Amino acid sequence: MQPEELKQLRTARGVSQKEFGTAIGLSAVFIGMMERGEKPIELRTALAAKQWAAGMDRIGLKATDPEERAARKLCEYYGHFPDSETKDGPAWRAYLPVVRLVLDAARPVED
């Protein structure tokens, strides 16, 4: 596995290096070093990363951030695949401003 493939695998699913590292048992720092080509990507790491990605696709696991979950659902509601790549990253990210606007409107007004 090449560094750019590892990064693409992670970013296509919209997770941070920390979240990805936690999922496969490595630190965010080490994930970054592998993505930049500073450390080799061992076979066991490549296999763990591919297995993680397959599980994400197969069982629909998503990140735990509420804003991201809401943006993904909104993206799906409008008939788009949340993890499809656009020029600005995963499609779900385009819905974050709307999610944040709604959440701000739903917050209680302080006296």
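Everything here concerns the structure above.
Residues numbered from 1 in each chain as written. Predicted model: local features only at pLDDT ≥ 70, side-chain atom pairs only at ≥ 80, totals over all residues. Heavy atoms only, no water.

Moving on: the nonpolar core. Listed in full, the 12 residues of the largest apolar core are Leu6, Leu9, Val15, Phe20, Ile24, Ile31, Met34, Ile41, Ala46, Ala49, Trp52 and Ala53. Of all the elements in the fold, those that place two or more residues in this core are α1 (3–11), α2 (17–24), α3 (28–35) and α4 (43–59). It is α4 that contributes the most residues to this core, 4 residues altogether. In this view, Leu9 contacts Met1, Phe20, Ala49, Lys50, Trp52 and Ala53; residues no more than four positions away in its chain are not counted. Within the second largest apolar cluster, 7 residues are counted, among which are Ala91, Trp92, Tyr95 and Leu96. (Core = buried A, V, L, I, M, F, W, Y, C linked by side-chain atoms within 4.5 Å. Buried < 20%, exposed > 50% of the residue type's maximum accessible area, 1.4 Å probe, protein only. Helix = DSSP H or I, 4+ residues; strand = E, 2+ residues; numbered from the N terminus. Contact = heavy atoms within 4.5 Å.)

Next up on the list: the side chain of Arg72. Among the secondary structure elements, Arg72 is positioned in helix α5 (residues 66–77). Residue Arg72 is classed as buried on the basis of its relative accessible area of 2%. Among the polar contacts made by the side chain of Arg72, one reaches the main-chain carbonyl oxygen of Arg13 at a distance of 2.6 Å. (Polar contact = N/O pair within 3.5 Å; in protein donor to acceptor, adjacent residues only side chain to side chain.)

For the rest of this paragraph, the subject is the packing of α1 against α3. Packing of α1 against α3 brings their axes to within 7 Å, and their N-to-C directions diverge by 130°. If you check the angle between α1 and α3, you find them oblique. In contact with Pro3, Leu6, Lys7 and Arg10 of α1, α3 contributes Ile31, Met34 and Glu35. Taken together, the residues that form the contact of α1 with α3 break down as 4 nonpolar, no polar and 3 charged. (Axes fitted to C-alpha atoms, helices over the stretch in contact; angles between N-to-C directions. Parallel < 35°, antiparallel > 145°, perpendicular 65-115°, else oblique. Nonpolar A, V, L, I, M, F, W, Y, C, P; charged D, E, K, R; others polar.)

Moving on, we come to α2. Looking at α2, one finds that the buried residues are Phe20, Gly21 and Ile24. Down the axis of α2, the smallest arc covering the buried residues is 100°, so these residues share one side. More than 90 degrees from the buried face of α2, the exposed residues found are Lys18 and Thr22. Immediately beyond the C-terminal end of α2, within one or two residues, lies Gly25, with a positive phi of roughly 85°. (Arc of directions from axis to C-beta.)

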